[in-house]
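Fold and geometry: a report
Residues per chain are reported as follows:
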Amino acid sequence: MSAPTQAIGELRGFLHGLPGVDRVGAEARAATLASRSIKTTAKQWALDMAISMIDLTTLEGQDTPGKVRALCAKAKRPDPADPTAPMVAAVCVYPDLAHVAAAEVKGSGVHVASVATAFPSGRTSLEVKLADVKYAVSAGADEVDMVIDRGAFLAGDYQLVFDEIAAVKEACGEAHLKVILETGELVTLDNVRRASWLAMLAGADFIKTSTGKVTPAATLPVTLVMLEAVRDFRESHGRQVGVKPAGGIRSAKDAIRYLVLVNETAGEDWLDPRWFRFGASSLLNDLLMQRTKMITGRYSGPDYFTLD
């Protein structure tokens, strides 16, 4: 199946023809992988990899240009006392602050991600959603995080969701598109699998669990299903798509569990910031504290790193 030419019956038939997800099996598999113990040099590598995969995020109504500049400074130099600490992958902000972030990270290699399409609800017209996307890209965003119309998806109007994603992808131009499924509202893992495939068929460069505004946000079983989807999609369509869990991932231990899940489910090819990201803010601080502990043998105080 190719992107914007899906027949309604063909799309529905394909999505409902996907194998059902064994929830008990998925939860057991995720729990088993989460119990893996990673130590010494492997843990040091994992901590650095996790830092390099973070989309350092601020999405609050009280965001200011000053807060975004501070976030960008931290993105470029997470640990001011240790230049060997890797940069994060991106900073993620609202569209009206994308120009601030773009100016601050220019030439650093840190990407600018901007949420769009009436984030977090997605409840507006396609015309407004596309204008939102074009505004973010023109302001300097090279990654766009869109939200799908969950109401349409749950009502079975897959064609509307598909067409909106395809239109947003076109509006992105050269910018990469991350499609937020808001898995906490999709109810079942079968729906997570269908939404993942729908987004990829429509042109998504990444599929993302959550806005961070809905509970539950990212979970290991949900991410497992999404990783299986991108693995199988590459095998059948020859195109690799990234995965981004977001919301509720706050500790280094949690981040490492996700990296194990990536390696054991999708494979080593996804252990790269180009293909796997964490949507987070406070996660970076714990990763830095654990990293310092491994290097120096002692923990830094909780106020050593800036709060985000």
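Residues numbered from 1 in each chain as written. Predicted model: local features only at pLDDT ≥ 70, side-chain atom pairs only at ≥ 80, totals over all residues. Heavy atoms only, no water.

This part is about the overall build of the chain. When helices and strands are tallied, the chain shows 12 helices and eight strands. Expected size for 308 residues packed as a compact globule is a radius of gyration near 19 Å; at 19 Å, the chain falls within 12% of this value. Sorting the 308 residues of the chain into buried and exposed places 55% on the buried side. Across the chain, every contact between residues at least 6 apart in sequence was considered, and the portion connecting residues at least 24 apart equals 76%. Per element, the accessible surface of the chain, about 12,900 Å² overall, is 53% carbon and sulfur. Looking at the chain, you have 34 positive and 37 negative side-chain charges, and the mean spots of the two groups are 5 Å apart. (Helix = DSSP H or I, 4+ residues; strand = E, 2+ residues; numbered from the N terminus. Rg over C-alpha atoms; globule rule 2.2 N^0.38 Å. Buried < 20%, exposed > 50% of the residue type's maximum accessible area, 1.4 Å probe, protein only. Contact = heavy atoms within 4.5 Å. Areas by Shrake-Rupley, 256 points an atom, 1.4 Å probe, with all protein chains shown as cover. Lys, Arg positive; Asp, Glu negative; His and termini not counted. Charge placed at Lys NZ, Arg CZ, Asp CG, Glu CD.)

As for its placement among the helices and strands, arginine 150 is situated in helix H7 (residues 150-154). Engagement of the side chain of arginine 150 in a polar contact is seen with the backbone oxygen of serine 121, the distance being 3.3 Å. Discounting residues that sit within four places of it in the chain, arginine 150 has contacts with Pro120, Ser121, Leu181, Glu182, Glu185 and Leu186. (Polar contact = N/O pair within 3.5 Å; in protein donor to acceptor, adjacent residues only side chain to side chain.)

Let's shift gears to the side chain of arginine 193. With respect to the element layout, arginine 193 can be found in helix H9 (residues 189-201). For arginine 193, a relative accessible area of 13% puts it in the buried group. Sequence-distant contacts of arginine 193, defined by excluding residues within four places in its chain, comprise Leu18, Pro19, Gly20, Val21, Val225 and Glu228.

A few words now on the pairing of strand E4 (residues 143-147). Within E4, five of the five residues are buried, which leaves it mostly tucked inside the rest of the structure. Both faces of E4 are covered, namely the face carrying Glu143, Asp145 and Val147 and the face carrying Val144 and Met146. Sheet analysis places strand E3 (residues 111-115) next to E4, joined by three bridges and oriented parallel. From the neighbouring strand, alanine 113 faces E4, where its bridge partner is glutamate 143. Once the chain exits E3 it traverses helix H6 (residues 126-138) before rejoining the sheet at E4, and the crossover so formed is right-handed. One ladder, built from five bridges, connects E4 with strand E5 (residues 176-180); its direction is parallel. Its bridge partner being in E5, aspartate 145 is matched across the sheet by lysine 178. (Pairing = 2+ DSSP bridges. Right-handed = clockwise from strand over helix to strand, strands pointing away.)

The subject of this paragraph is the packing of helix H3 (residues 40-52) against helix H11 (residues 252-265). Relative to each other, H3 and H11 sit at 95 degrees, their axes nearing to 10 Å. Comparing their axes, H11 and H3 come out roughly perpendicular. In this structure, H3 contributes Lys43, Ala46, Leu47, Met49 and Ala50 to the contact, and H11 contributes Ala252, Ala255, Ile256 and Leu259. Classifying every residue of the contact of H3 with H11 gives eight nonpolar, no polar and one charged. (Axes fitted to C-alpha atoms, helices over the stretch in contact; angles between N-to-C directions. Parallel < 35°, antiparallel > 145°, perpendicular 65-115°, else oblique. Nonpolar A, V, L, I, M, F, W, Y, C, P; charged D, E, K, R; others polar.)

In this structure, the largest pocket occupies an estimated 500 Å³ of space. Contributing to the lining of the largest pocket are 27 residues, with Thr57, Gly212, Gly247, Ala280 and Ser281 lying nearest its centre. Mapped onto the lining of the largest pocket, the elements with two or more residues apiece are helix H4 (65-76) and strand E8 (278-280). Broken down by class, the residue content of the lining of the largest pocket amounts to nine nonpolar, 11 polar and seven charged. In terms of lining residues, the second largest pocket is bounded by 14 residues, among which Arg36, Ile38, Lys43, Lys253 and Ile256 are the most central. Of all elements in the fold, only helix H2 (23-34), H11 and helix H12 (283-296) reach the threshold of two or more residues within the lining of the second largest pocket. The element that contributes the greatest number of residues to the lining of the second largest pocket is H11, accounting for five residues. Looking at the lining of the second largest pocket, its residues break down into six nonpolar, two polar and six charged. (1 Å grid on protein atoms, 1.4 Å probe; cavity = no way out; pocket = protein on both sides within 12 Å on 5 of 7 lines; lining within 4 Å. Points joined across faces, edges and corners; volume = space filled by probe spheres on them.)

This part covers the sheet that holds strand E6 (residues 206-208). The sheet built from eight strands is open, its strands ordered E7-E6-E5-E4-E3-E2-E1-E8 with parallel pairing. Of all strands in the sheet, those bounded by a partner on one side alone are strand E7 (242-244) and E8. If you compare each strand with its neighbour and ignore which way they point, the axes differ by 25 degrees on average. Lying on the sheet, helix H10 (residues 220-237) is in contact with E6 and E7; it crosses E7 at an angle near 170 degrees.

Moving on: the packing of H2 against H10. Interaxial distance between H2 and H10 falls to 9 Å at its minimum, and their mutual angle equals 100 degrees. Between H2 and H10, the angle is such that the two are roughly perpendicular. Touching Ala26, Glu27, Arg29, Ala30 and Ala34 of H2 are Leu220, Pro221 and Leu224, all from H10. For the contact of H2 with H10, the class distribution of residues is six nonpolar, no polar and two charged.

To continue, consider unusual backbone geometry. A cis amide bond, omega 0 degrees, links phenylalanine 119 with the succeeding residue proline 120. Along the chain, proline 120 falls in the loop between E3 and H6. The peptide bond linking threonine 215 to proline 216 adopts the cis configuration, its omega dihedral lying at 0 degrees. By the element assignment, proline 216 lies in the loop between E6 and H10. A positive phi is found at alanine 118, a non-glycine position, where the angle reads about 60 degrees. Here alanine 118 shows up in the loop between E3 and H6.

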